[in-house]
Amino acid sequence: MKERLFLAQNTKNKIDDGKTTWSSPSNIALVKYWGKRDKQIPENASVSFTLNNCKTITTLTYSKKEDNSTFSFDVFLDGNKQDDFKPKIETFFKRITSYLSFLKDFHFKIETENTFPHSSGIASSASGMSALSACLMAIDKELNPEMSADFILKKTSFLARLGSGSACRSLEGDLVVWGTHNSIPESTNLFGVKFPFNTHNNFKNYQDTILLVDKGEKQVSSTIGHNLMHNHPFAQQRFTQANQNLEKITEILQNGNLDEFIALVESEALTLHAMMMTSMPYFILMKPNTLEIINKIWAFRKATNSKVCFTLDAGANVHVLYPEKEKNTVLQFIKNELVAYCQNGHYICDNIGKGLEQL
Ligand code: PMV
């Protein structure tokens, strides 16, 4: 599919005002995206579990305005005006302006809330940008009612990607692939596609308990981190490895081999952080408690043969992943041994979800 298919069309209908509300979840990558080219094109393909409980709910209220030379919008988080969100949204609107005809025709009120604490250190950009893209596509559909549901889903993911790369993987469950890859038919750098094969029962309703190790603002944003992959001494090997891992995990997700799953997923997490540590300038996002938790998980696995494992995103928090049938034992282990390493004892129980929802 070509980018130009998403360009704004001459609109058929006229609308003056309206309101639309969407909820969209966060996602957790198993094979990580780290490094991009211009226009949010990933350097390698990635795959993620869509989450269920960590969501952003966004209501977009729109009203026609006279002057259509500039963008006009206000942003509210939990009912409070949030002017510090405006530059990111302004950049997003500029990037997507050739794909939506109406962005300068309306004044927008963007009201957003997260089901997880704002200060949890959980990336809200994936859920936030995908929820906002879904709201904008609802307007696009009103103006162009003949668009198919499939096209709308692709364009929503395409727009979300331009807001925050990984956001394009949040619209559908259970697993979404983003990035052109030989093993995944229809895969593309432009938007996320549902993992196209049958997933083994072992991965049905997989659990993700997010241990909140550090709820503070990250010292290095993912935008800066991605940019440090330019001229990174190990970049090319990393992109090759990620694409090979995607090929391997495509098999594992179908054959249900949990030991291979664990080895691949943990290696991906540590490699992501190794890329950060070997950037110039170098940085470390893990905290001492991140390592304490990893060692505890390894010890528990050795002692019990559990199939629990961990992954990390660009921060200190630990995502503890495990099959549904181990839910009780692993939760007990978390309460007994891992909660002590969480800031204020906080953690969030999540599992695989279905993606976007209109409310
Ligand atoms: O979508 P961004 O630009 O915030 O980058 C996300 C990168 C990771 O979360 C670290 C990995 C991934 O694939 O989600």
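Residues numbered from 1 in each chain as written. Predicted model: local features only at pLDDT ≥ 70, side-chain atom pairs only at ≥ 80, totals over all residues. Heavy atoms only, no water.

Colleague: Could you give an account of the packing of helix H5 (residues 235-255) against helix H6 (residues 258-277), naming the residues involved and the relevant values?
Modeller: H6 packs onto H5 with a crossing angle of 160° between their chain directions and a minimal axis gap of 10 Å. One way to sum up the angle between H5 and H6 is to call them roughly antiparallel. Relative to H6, the crossing made by H5 is left-handed. Between H5 and H6, the residues in contact are Arg238, Gln241, Ala242, Asn245, Lys248, Ile249, Ile252 and Leu253 and Glu260, Phe261, Leu264, Val265, Ser267, Glu268, Thr271 and Met275, respectively. Looking at the contact of H5 with H6 residue by residue, the classes come out as 8 nonpolar, 4 polar and 4 charged. (Axes fitted to C-alpha atoms, helices over the stretch in contact; angles between N-to-C directions. Helix = DSSP H or I, 4+ residues; strand = E, 2+ residues; numbered from the N terminus. Parallel < 35°, antiparallel > 145°, perpendicular 65-115°, else oblique. Left-handed = near helix turned anticlockwise from the far one by under 90°. Contact = heavy atoms within 4.5 Å. Nonpolar A, V, L, I, M, F, W, Y, C, P; charged D, E, K, R; others polar.)

Colleague: Would you mind going over the site of the ligand in detail, with residue names and values included?
Modeller: Around the ligand sit 13 residues in total, of which Tyr33, Ser166, Arg169, Ser222 and His226 are the nearest. One nitrogen or oxygen atom from the side chain of arginine 169 is found 2.7 Å from an oxygen atom belonging to the ligand. A distance of 3.0 Å separates an oxygen atom of the ligand from a polar atom in the side chain of histidine 226. Notes on the ligand: free accessible area 380 Å², of which the protein chains cover 91%. Taken together, the residues that form the shell around the ligand break down as 5 nonpolar, 5 polar and 3 charged. Shared between two domains, the shell around the ligand takes at least three residues from each, and those domains are domain 1 (3-197) and domain 2 (201-351). (Near = heavy atom within 4 Å. Polar contact = N/O pair within 3.5 Å; in protein donor to acceptor, adjacent residues only side chain to side chain. Areas by Shrake-Rupley, 256 points an atom, 1.4 Å probe, with all protein chains shown as cover. Domains from an automatic or database assignment.)

Colleague: I'd like a rundown of the pairing of strand E4 (residues 46-64), residues and numbers included.
Modeller: Of the pairings in the sheet, the one linking strand E1 (residues 17-31) to E4 comprises 13 bridges and is antiparallel in character. Bridge pairing links isoleucine 28 to phenylalanine 49 in E4. For E4 and strand E8 (residues 175-178), the ladder comprises 4 bridges, and the chain directions are antiparallel. Across the sheet, residue serine 48 finds its bridge partner in E8, namely valine 176. (Pairing = 2+ DSSP bridges.)

Colleague: An account of the packing of helix H2 (residues 125-143) against helix H3 (residues 149-163) is needed here, citing residue identities and associated values.
Modeller: As a packed pair, H2 and H3 sit with axes 8 Å apart at the nearest point and diverge in direction by 135°. By the angle class used here, H2 and H3 are oblique. For the crossing formed where H2 meets H3, the hand is right-handed. On H3, the residues that touch Met129, Ser130, Ser133, Ala134, Met137, Asp140 and Lys141 of H2 are Ile152, Lys155, Thr156, Leu159, Ala160 and Gly163. Grouping the amino acids of the contact of H2 with H3 by side-chain chemistry returns 6 nonpolar, 4 polar and 3 charged.

Colleague: Please provide a residue-by-residue account of the environment of aspartate 208, values included.
Modeller: Here aspartate 208 shows up in strand E10 (residues 207-211). For the pair aspartate 208 and isoleucine 348, spaced 140 residues apart in sequence, the C-alpha to C-alpha distance is 8.4 Å. When sequence neighbours within four positions are dropped, the list of residues in contact with aspartate 208 reads Ile28, Leu51, His319, Val320, Leu321, Ile348, Cys349, Asp350 and Asn351. Polar side-chain contacts of aspartate 208 include one of 2.7 Å to the side chain of histidine 319.

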